[in-house]
Amino acid sequence: MPELPEVEVLRRDLERDITGRHIKTVEVETPRSVRRHKNKKEFIGRLEGKKVVGVDRRGKYLLCRLDGGEVLVIHLGMSGQLRRAKTAREAKMKHTHVIIGFQQGGQLRFIDPRTFGEMFVAETDAIDKIKELSHLGIDPYDHPISWDEFGALVVSRKAKLKPLLMDQKFIAGIGNMYSDEILWGAGLRWDRTSDSLQAQEIRRLYRSLIEVLQEAVKFRGSTLSDGQYVDLFGQPGEYQTYHNAYDREGKPCPRCRQPLVRERVASRSTYFCASCQV
Ligand SMILES: [Zn+2]
């Protein structure tokens, strides 16, 4: 599942690639991908003729700003991809649900095998009233906060660290993979309770959070063995080669050489070092 770094890489790609382009045609092959709209016609009508003026991100949501005061919101869900096609003739991949064609040529294609992702158009002013977006917590990648502000937030929650990091209402954009990497970097167990942290542990957690997200964006996200995540041009990320804990059960911990362990928690695998994460 794409997390904040992968979505941020796509945002940068999109900003460079589609800003200034006019939407000429929109094809919706799978109405489920635009399910917030009454019907696909309404979705298409709100996009055709508009110009993309910029691309923002909130948590794992991409917001393509359009002239005329509306926003095309894109969420990739479990398996969504955005791919650029140079021409309409380029072969269509399986599970291509929405195709946006530009006046200047080229297409943006939305591919999503599991169809949990979606696209919808909303008024800019209404974005904050959309439940999933209005509930989003802090985004320390875009808007760093001081570590003592962060500490106050962490201590106030009294929750286990991994579910807390993955709680979109607390921090927007972190999922199963990056929470394991952040906790390994901080030397903290996934099941430590947030109100048990010492000041220096909070500092380590925040530093690790920022470092992991920044490095992951720098190396253009993580592409796992399923090859599911690729950038706008179909290229995989490289950050998976820098993973220290995630999906590394039995391999030596890069810090203390003890074998990393995996625990199943709430139907998810959690990877950590039982010896140096405390
Ligand atoms: Zn270790």
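Preceding block: the structure.
Figured I'd write up the structure that's included with this text. Model, not experiment: these values are computed from the prediction.

Extensive coverage of strand β7 (residues 107-111) is indicated by the burial of 5 of its 5 residues. Neither face of β7 is left uncovered, since the one carrying Q107, R109 and I111 and the one carrying L108 and F110 both have all their residues buried. Between strand β6 (residues 96-102) and the antiparallel strand that follows it, β7, lie 4 residues; G105 among them carries a positive phi value of about 100°.

This brings us to the pattern of salt bridges. Enumeration over the complete set of coordinates arrives at 23 salt bridges. E42 is paired through a salt bridge with R46; the nearest N and O atoms lie 3.1 Å apart. Residue E42 and its partner R46 are both found in helix α2 (residues 40-47); the two are separated by 4 residues, about one turn of the helix. Because the salt bridges share partners, they merge into one network encompassing E8, R11, R12, E15, R57, D139 and D142.

Strand order in the open sheet formed by 4 strands is β2-β3-β4-β8, with antiparallel pairing between adjacent strands. Edge strands, defined here as strands with exactly one partner in the open sheet, are β2 (52-58) and β8 (118-123). Shown here is a sheet whose adjacent strand axes are inclined to one another by a mean of 25°, direction ignored. Bridging between strand β4 (residues 70-75) and β8 involves 6 bridges; their strand directions are antiparallel. Paired with V73 across the two strands is F120, which belongs to β8. Lying on the sheet, helix α1 (residues 4-18) is in contact with β2 and β3 (61-66); it crosses β2 at an angle near 175°.

With the exception of glycine, the majority of residues adopt a negative phi angle, and the majority of peptide bonds are in the trans configuration. For K158, which is not glycine, the phi torsion reads 50° and is therefore positive. On the secondary structure map, K158 appears in the loop between α4 (147-157) and α5 (161-166). Judged by relative accessible area, K158 falls into the exposed class, the value being 59%. One non-glycine residue, R257, adopts positive backbone phi at about 70°. Checked against the element boundaries, R257 lands in the loop between α7 (199-218) and β9 (261-265). For R257, a relative accessible area of 55% corresponds to the exposed category.

The interhelical angle for the contact between α4 and α7, taken along N-to-C directions, is 110°, at an axis separation of 9 Å. Classified by the angle their axes make, α4 and α7 are roughly perpendicular. Facing α4, whose interface residues are W147, F150, G151 and V155, α7 presents A199, I202, R203, L205, Y206 and L209. When grouped by side-chain class, the residues that make up the contact of α4 with α7 number 8 nonpolar, 1 polar and 1 charged.

This part is about the environment of R36. Tracing the backbone through its elements, the reader meets R36 in the loop between β1 (23-28) and α2. Sequence spacing of R36 and E118 is 82 residues, and the spatial spacing of their C-alpha atoms is 8.5 Å. At 3.1 Å, the side chain of R36 and the side chain of E132 are in polar contact.

The pairing of strands in a sheet comes from backbone hydrogen bonds and takes either a parallel or an antiparallel form. Spatial strand order, β1-β6-β7-β5: 4 strands in an open sheet with antiparallel pairing. Two strands close off the open sheet at either side, each with one partner strand: β1 and β5 (81-85). Between one strand and the next, the sheet's axes are offset by a mean angle of 15°, whatever the strand orientation. Here β6 runs beside β7; their pairing, made up of 5 bridges, is antiparallel.

Conventions used here
- Residues numbered from 1 in each chain as written.
- Predicted model: local features only at pLDDT ≥ 70, side-chain atom pairs only at ≥ 80, totals over all residues.
- Heavy atoms only, no water.
- Buried < 20%, exposed > 50% of the residue type's maximum accessible area, 1.4 Å probe, protein only.
- Helix = DSSP H or I, 4+ residues; strand = E, 2+ residues; numbered from the N terminus.
- Pairing = 2+ DSSP bridges.
- Salt bridge = Lys/Arg side-chain N within 4 Å of Asp/Glu carboxyl O.
- Axes fitted to C-alpha atoms, helices over the stretch in contact; angles between N-to-C directions.
- Contact = heavy atoms within 4.5 Å.
- Parallel < 35°, antiparallel > 145°, perpendicular 65-115°, else oblique.
- Nonpolar A, V, L, I, M, F, W, Y, C, P; charged D, E, K, R; others polar.
- Polar contact = N/O pair within 3.5 Å; in protein donor to acceptor, adjacent residues only side chain to side chain.

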